[in-house]
Each structure stands twice: as C-alpha cells, then as structure tokens.
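What the coordinates show
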Amino acid sequence: IAPGDRLVGESAALLEVFKTVGRVAARNGAVLGTGESGTGKELVARAIHYHSKRRDGPFVAVNMSAIPSELMETELFGHERGAFTGATEARTGRFRDAEGGTILLDEVGELNLPLQSKLLRVLQEREVTPVGGKRPIPIDVRILAATHQDLTELVKSGRFRQDLYFRLKVLEVRIPPLRERRADIVLLLDHFTRRHWQRTGEAP
C-alpha cells in the first residue's frame, strides 16, 4: 500500500483494527466499515483489498453522498446506449469496473430504498443489469461498504432495508475516532509533515 493509503498509528485501538483487517481480508464476504467521518474507513477498505487474494484486481471506491440520486443507478450498474436521453454511449458502471477486485460503497446509508432493493439483488445473485439492458451480467466482485450513520437506527425508522443491512454486515470493522487513540497523534503529525515535505519539495 502506498504511504498515503494506509492507517498510521500503534495505539491499542488501532492495533485491534489491524488484527480485524487481517482476519477479514482472508475471507471473501461482504464487510461493513463503521466509524465517524474522517476516521479512515476508505483506508481500511484499501487495506482489506490489498491484503486479500483480489489484490491484483481493481479497487473501486464510490462515494454515495457525492452522486445525485437520479444518477446513482447508472453510476453503479451502467447503462446501454440509448437507454435515456443523452445516453449516446454504453457505460459499464462501477460494479463491472471492479470485476475481479473490490468495490467500496462509501456512505451506503445514503442509498434510497429502490436502489437498496437493486443492491440487495446484486448481493444475492452476483449479477447486475444495466439501465436499459435486457439481461443480467454476472460479476465477480467483493463488496465492502462504509458508513458514519447508525444503520440499525435507519432500519428501525424504515429508511434502510434490514435484509440488505444483514447482507452487508457479514463481517464488520469499527474504526475508532482519534480521541480513542490519542497515542497516535504524534505519529500522525510526523506522517503528515513528511507527506507535506514530499509533495512540496521543502526540506525539513
């Protein structure tokens, strides 16, 4: 993993995360990463990918909160040419882009209920159907999801499907906030200072 793509620290809380990453990386089930914003959920997802048997395949991260809901289906599953106005070319979608590797669905709690149903089918059937497509396309992709939201509360309020929640939470990694790993602060300061020097060419 590149230096900028890894978690930094040696606190007891972070060492427990490293152990969990090692355990889940060896398996192929879906993983749900939980933790507050900025705790490094994508870095954990990358570590899982790069320590798995899929390390030579692509790692595709999709930030659900950055994609308008009306574009989410074609972003994830692709579309056929002419499927809608402006679809002048076919698009594979992020799931097929991740073929043979890993896809991270970051902020999965942002998905609306209709798309949750379609994602559940992908998890169950291991196939996607592009918008405007007539037949499903098999995929070989490991699915990782991450969220800062409490999905159990979203399930209780009817905003997140319980069956999808359980499908995504086959394995779970909780990433602690920095206030729970204060021993890492000095190491993080050193890490980011060195990255600044490397990027700017400034001498320490």
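Since this is a predicted model, take the numbers as computed values, not measurements.

Here is what the cut-offs are and how they apply
- Residues numbered from 1 in each chain as written.
- Predicted model: local features only at pLDDT ≥ 70, side-chain atom pairs only at ≥ 80, totals over all residues.
- Heavy atoms only, no water.
- Helix = DSSP H or I, 4+ residues; strand = E, 2+ residues; numbered from the N terminus.
- Buried < 20%, exposed > 50% of the residue type's maximum accessible area, 1.4 Å probe, protein only.
- Contact = heavy atoms within 4.5 Å.
- Areas by Shrake-Rupley, 256 points an atom, 1.4 Å probe, with all protein chains shown as cover.
- 1 Å grid on protein atoms, 1.4 Å probe; cavity = no way out; pocket = protein on both sides within 12 Å on 5 of 7 lines; lining within 4 Å.
- Points joined across faces, edges and corners; volume = space filled by probe spheres on them.
- Nonpolar A, V, L, I, M, F, W, Y, C, P; charged D, E, K, R; others polar.
- Pairing = 2+ DSSP bridges.
- Core = buried A, V, L, I, M, F, W, Y, C linked by side-chain atoms within 4.5 Å.
- Axes fitted to C-alpha atoms, helices over the stretch in contact; angles between N-to-C directions.
- Parallel < 35°, antiparallel > 145°, perpendicular 65-115°, else oblique.
- Left-handed = near helix turned anticlockwise from the far one by under 90°.
- Salt bridge = Lys/Arg side-chain N within 4 Å of Asp/Glu carboxyl O.

1. With respect to the overall build of the protein
Within the protein, the secondary structure is distributed over 8 helices and 7 strands. Each of the 204 residues in the protein was classed as buried or not, and the buried ones make up 42%. A sequence separation of at least 24 residues applies to 73% of the contacts in the protein between residues at least 6 apart. Roughly 11200 Å² of accessible area belongs to the protein as shown, and the carbon and sulfur atoms make up 49% of that amount.

2. Here we look at empty space enclosed by the protein
Over the atoms a probe the size of a water molecule is rolled, and this reveals where empty space is left. What the rule picks out here adds up to 1 cavity of 30 Å³ or more. Here the largest cavity defines a volume of roughly 60 Å³. Contributions of two or more residues to the lining of the largest cavity are made by strand E1 (31-34), helix H2 (41-50) and strand E6 (142-147). Per element, the largest residue contribution to the lining of the largest cavity is 4 residues, and it comes from H2. Considering only residue class, the lining of the largest cavity consists of 10 nonpolar, 1 polar and 1 charged.

3. Quick look at the pairing of E6
The element E6 is extensively covered by neighbouring structure, given that 6 of its 6 residues are classed as buried. Residues Arg142, Leu144 and Ala146 of E6 are buried on one face, and the alternating residues Ile143, Ala145 and Thr147, pointing to the opposite face, are buried as well. Relative to E6, E1 is paired through 4 bridges, and the arrangement is parallel. Residue pairing in the sheet places glycine 33 in a bridge with alanine 146 of E6. As defined by bridge partners, strand E3 (residues 102-106) adjoins E6 across 5 bridges and the pair is classed as parallel. Considered in E6, the bridge of leucine 104 is made with leucine 144.

4. A short note on the nonpolar core
Within the largest apolar cluster, 31 residues are counted, with the highest numbers of intra-cluster contacts made by Leu76, Phe95, Ile103 and Leu105. Of all the secondary structure elements, the ones that give two or more residues to this core are strand E2 (59-63), helix H3 (69-77), E3, helix H5 (113-125), E6, helix H6 (151-156) and helix H7 (162-168). Among the elements that line this core, the one with the most residues is H5, at 5 residues. Sequence-distant contacts of phenylalanine 95, that is, excluding residues within four places in its chain, are made with Leu76, Phe77, Ile103, Leu105, Leu119, Val122, Val128, Ile139, Val141 and Ile143. Leu7, Val31, Ala45 and Leu171 belong to the second-largest nonpolar core, a separate cluster that totals 18 residues.

5. Concerning the sheet that holds E2
If you trace the 5 strands from one edge of the open sheet to the other, you get E2-E3-E6-E1-E7, paired in parallel fashion. Each edge of the open sheet carries a strand with a single partner, namely E2 and strand E7 (171-174). Between one strand axis and the next, the sheet turns by 20 degrees as a mean value, whatever way the strands run.

6. Remarks on the packing of H3 against H5
At a minimum axis separation of 11 Å, H3 and H5 run at an interaxial angle of 10 degrees. Regarding the angle of H3 to H5, the classification is roughly parallel. For the pair H3 and H5, the crossing hand works out as left-handed. From H3, Ser69, Met72, Glu73 and Phe77 reach across to H5, where they touch Leu115, Lys118, Leu119 and Val122. Taken together, the residues that form the contact of H3 with H5 break down as 5 nonpolar, 1 polar and 2 charged.

7. Observations regarding the pattern of salt bridges
Summed over the entire model, instances satisfying the criterion amount to 10 salt bridges. Linking glutamate 172 and lysine 169 is a salt bridge whose minimum nitrogen-to-oxygen distance equals 3.3 Å. The class of glutamate 172 is partly exposed, set by a relative accessible area of 36%.

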